[in-house]
Amino acid sequence: MTALAAPARRRPRSRLDIHRTLIAVLVTLIVAAQVYPLVWLFVTSIRTEHDFTTGNPFALPGEITFDNYGRAFAIGDLGTNMVNSLIVTAGANLLIVLLGMMAAYALQVLGFRFSRVVRGLFLIGIIVPVQIALVPLFIDYATVNLLDTHLSMIIPLAGFSLPMSIYLFSSFYEYIPHDLYEAASIDGAGPYRIFAQITFPLSTNTIVTIVLVNSIFIWNDFIFANTFVLSPELKTIPLGLQNYIGAMGNIDWTATFAAVCVTITPLLLAFLLLNRAMIYGLESGATKG
């Protein structure tokens, strides 16, 4: 009996090993597919222009140079573009977090009649394409003299990101024990004090998640910046990268790749530093909603 039982116990182990191996291979392929473009981007940014144009663009550099980074700042106003993108990203995220938290707190924690209907109306905004708002916003901005300002980009970027922000905050608040709110109310705390001392501190990971997710789209936004910004000193990074296109469509590719490396560095550093908080925020909010 023992001789027959031994092979039966080994089969699940072998299947488990195969399953783990397949998962490891799949994860390795996904990571390679994500990391390879970044590695290729950096490698290309340190190649000479002649080496890139005459050789294999996917080969290792025959000669290494960092002059491309100096030329990237010389050709375009990269520093100003990054400052403008930082202002727009920070301003839009501030509105998204504050308005999203307050709206979710009113809908999920305080509650009122037809609160679910109102929440559903907010969520409809997720499927609304941004293109339909360009012409009305342009007309309104021209009327109130808001064209060619940072606010002309911050307002629509925050507005179109609010539905998802409200959804994530509402999903997270749903799983905060109501005993905390009841105990605070018994102690005499009002809704504003409960929001400031209980809800806000518990929302840290969700805030990090929302800020990081929205920062990707805001930092790389082109459509609103290209529509509402006219002055070169207000151009953000996506608009500034157009400066690397020369006459007759000639492009300084190595300088362009160097500029892209510089512009994506802040987002990469933010993700590396705050990825754990982001994952926890998604697990505690979006996946439970």
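All values derive from a computational prediction rather than experimental measurement. (Residues numbered from 1 in each chain as written. Predicted model: local features only at pLDDT ≥ 70, side-chain atom pairs only at ≥ 80, totals over all residues. Heavy atoms only, no water.)

Draft legend 1. A look at the overall build of the chain. A count of helices and strands for the chain gives 13 helices and zero strands. Of the regular secondary structure in the chain, the N- to C-terminal order runs α-α-α-α-α-α-α-α-α-α-α-α-α. Sorting the 289 residues of the chain into buried and exposed places 37% on the buried side. Once local pairs closer than 6 in sequence are excluded, the contacts in the chain between residues at least 24 apart make up 74%. When the accessible surface of the chain is split by element, carbon and sulfur atoms take 69% of a total near 17,300 Å². (Helix = DSSP H or I, 4+ residues; strand = E, 2+ residues; numbered from the N terminus. Buried < 20%, exposed > 50% of the residue type's maximum accessible area, 1.4 Å probe, protein only. Contact = heavy atoms within 4.5 Å. Areas by Shrake-Rupley, 256 points an atom, 1.4 Å probe, with all protein chains shown as cover.)

Draft legend 2. Main features of the pattern of salt bridges. If you walk through the whole model with that rule in mind, you get one salt bridge. The closest approach of N and O atoms between Arg47 and Asp51, which form a salt bridge, is 3.2 Å. Each member of the pair, Arg47 together with Asp51, is buried. (Salt bridge = Lys/Arg side-chain N within 4 Å of Asp/Glu carboxyl O.)

Draft legend 3. Representation of a nonpolar patch on the surface within the structure. Residues Phe114, Val117, Leu121, Ile124, Ile126, Ile127, Val128, Ile132 and Met164 make up a contiguous nonpolar surface patch of roughly 880 Å² in combined accessible area. Residue contributions to the nonpolar patch peak at three residues, all from helix 5 (residues 115-124). (Patch = residues over 30% accessible without salt bridge, like charges linked within 9 Å, V, L, I, M, F, W, Y side chains within 5 Å.)

Draft legend 4. Up close: the packing of helix 5 against helix 7 (residues 151-173). In the contact formed by helix 5 and helix 7, the axes pass within 7 Å of each other and the chain directions differ by 135°. Classed by the angle they form, the pair helix 5 and helix 7 counts as oblique. Two packed elements cross with a definite hand, and for helix 5 against helix 7 that hand is left-handed. For the pair helix 5 and helix 7, the contacting residues are Arg119, Phe122 and Leu123 in the first and Pro163, Ile166, Tyr167, Ser170 and Ser171 in the second. Split into classes, the residues belonging to the contact of helix 5 with helix 7 amount to five nonpolar, two polar and one charged. (Axes fitted to C-alpha atoms, helices over the stretch in contact; angles between N-to-C directions. Parallel < 35°, antiparallel > 145°, perpendicular 65-115°, else oblique. Left-handed = near helix turned anticlockwise from the far one by under 90°. Nonpolar A, V, L, I, M, F, W, Y, C, P; charged D, E, K, R; others polar.)

Draft legend 5. Inspection of the nonpolar core at higher detail. In this structure, Met101, Leu157, Phe169, Tyr173 and Ile194 are the most contacted members of the largest nonpolar core, which totals 37 residues. Mapped onto this core, the elements with two or more residues apiece are helix 4 (78-110), helix 6 (134-143), helix 7, helix 8 (178-186), helix 9 (191-202), helix 10 (204-219) and helix 11 (223-228). In this structure Phe169 touches Val97, Gly100, Met101, Ala104, Ser203, Thr206, Ile207 and Ile210, once residues within four positions along its chain are discounted. Membership of the second largest hydrophobic core comes to 17 residues, among which are Ile46, Tyr69, Trp219 and Ala258. (Core = buried A, V, L, I, M, F, W, Y, C linked by side-chain atoms within 4.5 Å.)

Draft legend 6. Structural detail: the environment of Ala90. On the secondary structure map, Ala90 appears in helix 4. Sequence separation between Ala90 and Ile218 is 128 residues; the distance between their C-alpha atoms is 9.3 Å.

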